[in-house]
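Take a look at the letters that make up each chain.
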Amino acid sequence: MKRIKKILQILLIAISLSSCKTSINETFPKIEVEESINKNNISEKKRMEIKFSCGEDKISKYLDDGWIILKEDTQEKICTWKSFPATKDCDMEKDKGCKITKPDKVGEEKIYLLEK
């Protein structure tokens, strides 16, 4: 009985070791394929999207560095917010529920799609 248990244990170990070898061998071709894909991506052009808001526009820094503007978009954006009390008796520091916040200054947000 003890010999049968030992033989079964040896068989289970041998089966588990042999199954691991096939899964390891299958992963090598996948790595080689990924390496060839990464080599192809290096030759592609780089793209970047940057945003400037509320009068801040430093796009000339990127243009001097060799980037080209592919697309330019402008959206309205709130630059600053203003808080004021809802009633005359309201203490905004103690009671946050009576504080009303509304937009103070509205500006533009410029979105650039650049390519190099």
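What you see is a predicted model; the values in this text were computed from it and never measured.

Peer 1: Report on the environment of Glu109, specifying residues and quantitative values.
Peer 2: Here Glu109 is to be found in strand 3 (residues 99–115). Placed 35 residues apart in sequence, Glu109 and Thr74 show a C-alpha to C-alpha distance of 5.7 Å. When near neighbours in sequence (up to four residues on either side) are disregarded, Glu109 contacts Lys51, Phe52, Ser53, Asp73, Thr74, Gln75 and Lys77.

Peer 1: Talk me through the state of the cysteines; I want residue IDs and the actual numbers.
Peer 2: What the rule picks out here adds up to two disulfides. Put simply, Cys54 and Cys79 are joined by a disulfide, and their sulfur atoms are 1.9 Å apart. Of note, the bridge from Cys54 to Cys79 carries an S-S torsion of about -110 degrees and is left-handed in sense. Residue Cys54 is located in the loop between strand 1 (47–53) and helix 2 (59–64), and its partner Cys79 is located in strand 2 (residues 68–85); the two are separated by 25 residues in the primary sequence. Classification of Cys79 as partly exposed rests on a relative accessible area of 28%. Two residues share a disulfide in this structure: Cys90 and Cys98, whose sulfurs sit 1.6 Å from each other. Its S-S torsion of about 65 degrees marks the bond between Cys90 and Cys98 as right-handed, since a negative value means left-handed. Residue classification places Cys98 among the buried positions, given a relative accessible area of 11%.

Conventions adopted
- Residues numbered from 1 in each chain as written.
- Predicted model: local features only at pLDDT ≥ 70, side-chain atom pairs only at ≥ 80, totals over all residues.
- Heavy atoms only, no water.
- Helix = DSSP H or I, 4+ residues; strand = E, 2+ residues; numbered from the N terminus.
- Contact = heavy atoms within 4.5 Å.
- Disulfide = S-S within 2.5 Å.
- Buried < 20%, exposed > 50% of the residue type's maximum accessible area, 1.4 Å probe, protein only.

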